[in-house]
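The primary structure of each chain is shown beneath.
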Number of protein chains: 2
Amino acid sequence: MKRMGLCIGLKAEAIEEYKRAHAAVWPEVLEVISRANIRNYSIFLREPENLLFAYWEYHGDDFASDAARMGESAAMRKWWELCDPMQQPLATRAQGEWWAAMEEVFHLD
Amino acid sequence: MKRMGLCIGLKAEAIEEYKRAHAAVWPEVLEVISRANIRNYSIFLREPENLLFAYWEYHGDDFASDAARMGESAAMRKWWELCDPMQQPLATRAQGEWWAAMEEVFHLD
């Protein structure tokens, strides 16, 4: 299992809509995430910096392939169409990233 | 169980020292954290924004009291004496906070 941390901005004017959407994520989207071997997935918001932090535990052995499969799901694409305009990706993200990867520097079970 | 997310800055000149320290946290400090009913605790770093994000799962029923007990430990105080000067707390943190609390807006098991 690999723990992953990801970071992105959230537009101030979209905060309430983002919270509402994430309080009731579509069941098809949750299924697609679970099928991608992602477990214990949380998103935290820090205001007023308006930063989102995502934490999950990846239980597969080929994240690139699981992520690609997620991206082929119609439900997931619709979900991203809804959410992406609310987000403000970090200018410093790596090529191909939307959410920017973070580095795990500590862990205690 | 309650999932908690916390955020703080890290001074650019301290990044390497912070990583080294956290690759080998003192066993007494790990014990104090565990006794405070904190489990599955990770810290992630985002460069070049130099932001730290902490995620843990709190299994007790009185976090304020567990946190106060942690702060009474000599090992923990020495650890904080080492780490606090490396960190740059958010100016917007609440009174009494060092790491700033975040709000959980999504969870999937």
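Predicted model only: the values in this text are computed from it and were never measured. (Residues numbered from 1 in each chain as written. Chains lettered and ligands numbered in written order. Predicted model: local features only at pLDDT ≥ 70, side-chain atom pairs only at ≥ 80, totals over all residues. Heavy atoms only, no water.)

Undergrad: Let's hear about the layout of surface pockets: which residues, and what values?
TA: Estimated volume of the largest pocket: approximately 740 Å³. Residue lining of the largest pocket: 35 residues in total, with Leu6(B), Tyr41(B), Trp56(B), Met70(B) and Trp99(B) positioned closest to the centre. If you list the elements that add at least two residues to the lining of the largest pocket, you get strand E1 (2-10), helix H1 (15-22), helix H2 (27-35), strand E2 (38-46), strand E3 (51-58), helix H3 (63-71), helix H4 (74-83) and strand E6 (103-108) of chain B. The element best represented in the lining of the largest pocket is E1(B), accounting for five residues. Grouping the constituent residues of the lining of the largest pocket by class yields 25 nonpolar, four polar and six charged. One number sums up the size of the second largest pocket: a volume of about 630 Å³. Leu6(A), Tyr41(A), Trp56(A), Trp80(A) and Trp99(A) are the residues nearest the centre of the second largest pocket, which is lined by 27 residues in total. Among the elements of the structure, strand E1 (2-10), helix H1 (15-22), helix H2 (27-35), strand E2 (38-46), strand E3 (51-58), helix H3 (63-72) and helix H4 (74-83) of chain A are those that each provide at least two residues to the lining of the second largest pocket. (1 Å grid on protein atoms, 1.4 Å probe; cavity = no way out; pocket = protein on both sides within 12 Å on 5 of 7 lines; lining within 4 Å. Points joined across faces, edges and corners; volume = space filled by probe spheres on them. Helix = DSSP H or I, 4+ residues; strand = E, 2+ residues; numbered from the N terminus. Nonpolar A, V, L, I, M, F, W, Y, C, P; charged D, E, K, R; others polar.)

Undergrad: Lay out the environment of Trp99(A) in plain terms, naming residues and giving numbers.
TA: All names here are of chain A. Within the secondary structure layout, Trp99 lies in the loop between strand E4 (87-88) and strand E5 (100-101). Sequence separation of Trp99 and Glu31 is 68 residues, and the distance between their C-alpha atoms is 20 Å. Those residues in contact with Trp99 that lie beyond four places of it in its chain are Leu6, Cys7, Ile8, Tyr18, Ile43, Leu52, Phe53, Ala54 and Gln87. (Contact = heavy atoms within 4.5 Å.)

Undergrad: Break down empty space enclosed by the protein for me, with residues and values.
TA: One pass over the structure, following the stated rule, counts one cavity of 30 Å³ or more. Considering only enclosed or pocket space, the largest cavity measures out at about 60 Å³ in volume. Around the largest cavity, the lining residues are Cys7(A), Leu51(A), Leu52(A), Phe53(A), Met102(A), Cys7(B), Leu51(B), Leu52(B), Phe53(B) and Met102(B). Taken together, the elements giving at least two residues each to the lining of the largest cavity come down to E3 of chain A together with E3 of chain B. Grouping the amino acids of the lining of the largest cavity by side-chain chemistry returns 10 nonpolar, no polar and no charged.

Undergrad: Describe the relation of the copies chain B and chain A, with residues and values.
TA: The transform that puts chain B on chain A rotates by 180° and translates by 0.0 Å along the axis, for an RMSD of 0.0 Å. Expressed as a symmetry operation, the mapping of one chain copy onto the other fits a two-fold axis. (Least-squares fit on C-alpha atoms with pLDDT ≥ 70 in both.)

Undergrad: Explain the confidence of the model for chain A to me, and be specific about the residues and the numbers.
TA: Confidence in the prediction of chain A, expressed as mean pLDDT, is 98, and 100% of residues score 70 or more. Complex prediction metrics read pTM 0.97 and ipTM 0.96. (pLDDT = per-residue confidence, 0-100.)

Undergrad: Lay out the interface of chain B and chain A with the relevant residues and their values.
TA: Listed as interface residues are 39 residues of chain B and, on the opposing side, 39 residues of chain A. Between chain B and chain A, the buried area comes to about 3500 Å², and carbon and sulfur atoms account for 63% of it. Contact with chain A buries surface across chain B, with Phe44(B), Arg46(B) and Phe106(B) losing the most and accounting together for 22% of the total. Applying the counting rule to chain B against chain A returns two salt bridges. One salt bridge connects Glu103(A) with Lys19(B), and the closest N-O pair in it is separated by 3.0 Å. Across the chain B-chain A interface, the total number found is 24 residue pairs in polar contact (both at pLDDT 80 or more). (Buried area = accessible area lost by both parts, 1.4 Å probe. Salt bridge = Lys/Arg side-chain N within 4 Å of Asp/Glu carboxyl O. Polar contact = N/O pair within 3.5 Å; in protein donor to acceptor, adjacent residues only side chain to side chain.)

Undergrad: I'd like to hear about the environment of Pro89(A), residue by residue, with values.
TA: All names here are of chain A. One can find Pro89 in the loop between E4 and E5. On the basis of relative accessibility, which here comes to 14%, the residue Pro89 falls in the buried class. Sequence spacing of Pro89 and Glu13 is 76 residues, and the spatial spacing of their C-alpha atoms is 15 Å. (Buried < 20%, exposed > 50% of the residue type's maximum accessible area, 1.4 Å probe, protein only.)

Undergrad: Give a detailed account of the packing of H1(A) against H4(A), specifying residues and quantitative values.
TA: Residue and element names in this part refer to chain A. Two elements in contact, H1 and H4, have axes whose closest approach is 11 Å; the angle formed by their N-to-C orientations is 155°. Looking at the two axes, H1 sits roughly antiparallel to H4. Of the residues in H4, those in contact with Glu17, Ala21 and His22 of H1 are Trp79, Leu82 and Cys83. Grouping the constituent residues of the contact of H1 with H4 by class yields four nonpolar, one polar and one charged. (Axes fitted to C-alpha atoms, helices over the stretch in contact; angles between N-to-C directions. Parallel < 35°, antiparallel > 145°, perpendicular 65-115°, else oblique.)

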